[in-house]
Amino acid sequence: MKDYSLLKVTEAQYAGGYCLRLKFNNGATRLMDFTPFLDKGICRKLRDMDYFRSFRLDPFTVDWNNEIGFAPEYLYERSVVS
């Protein structure tokens, strides 16, 4: 039987630079580097380290001031095992 539960970020910690250590509801802990996004559209705001470090968790993923968010599946696929 397939598991159709939604992937969610359940914990996030600042890990240095533009990286966050993310824990997912499937038990995986992964490291996400946001550096590749710093020159793209609204993500340019993430260059400001105070802004970057002001992330919060919404019910599904990491969020910056209700302006910037990434689908948990995308974060999972783009991150590396931590």
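Refer to the structure above for everything that follows.
Described below are features of the structure shown in this document. (Residues numbered from 1 in each chain as written. Predicted model: local features only at pLDDT ≥ 70, side-chain atom pairs only at ≥ 80, totals over all residues. Heavy atoms only, no water.)

**With respect to unusual backbone geometry**
Even without being a glycine, N65 presents a positive backbone phi close to 55°. Accessibility expressed as a relative area gives 54% for N65, which makes it exposed. (Buried < 20%, exposed > 50% of the residue type's maximum accessible area, 1.4 Å probe, protein only.)

**So, the pairing of strand β1 (residues 9-14)**
Summarising the sheet, β1 and strand β2 (residues 19-24) pair through five bridges and their orientation is antiparallel. The residue of β2 that forms the bridge with E11 is K23. Hairpin connection of β1 to β2: four residues between the antiparallel strands, including G16 at a positive phi of 100°. (Pairing = 2+ DSSP bridges. Helix = DSSP H or I, 4+ residues; strand = E, 2+ residues; numbered from the N terminus.)

**Digging into the sheet that holds strand β6 (residues 68-69)**
Read from one edge of the open sheet, three strands run β4-β5-β6, paired in antiparallel fashion. Two strands close off the open sheet at either side, each with one partner strand: β4 (56-57) and β6. The pairing of strand β5 (residues 62-64) with β6 spans two bridges and is classified as antiparallel. Note on β6: the bridge partner recorded for D63 is G69.

**A short note on the side chain of T61**
Assignment of secondary structure puts T61 in the loop between β4 and β5. Judged by relative accessible area, which is 8%, T61 ranks as buried. Residues contacting T61, with those up to four places away along its chain left out, are V9, R56, F70, A71, P72 and L75. (Contact = heavy atoms within 4.5 Å.)

**Notes on the pattern of salt bridges**
Tallied over the entire structure, the rule returns two salt bridges. The partner of D39 in a salt bridge is R47, with the nearest N and O atoms 2.7 Å apart. Under the relative-accessibility criterion, D39 is labelled exposed at 54%. In this structure R47 comes out as partly exposed when scored by relative accessible area, which is 42%. (Salt bridge = Lys/Arg side-chain N within 4 Å of Asp/Glu carboxyl O.)

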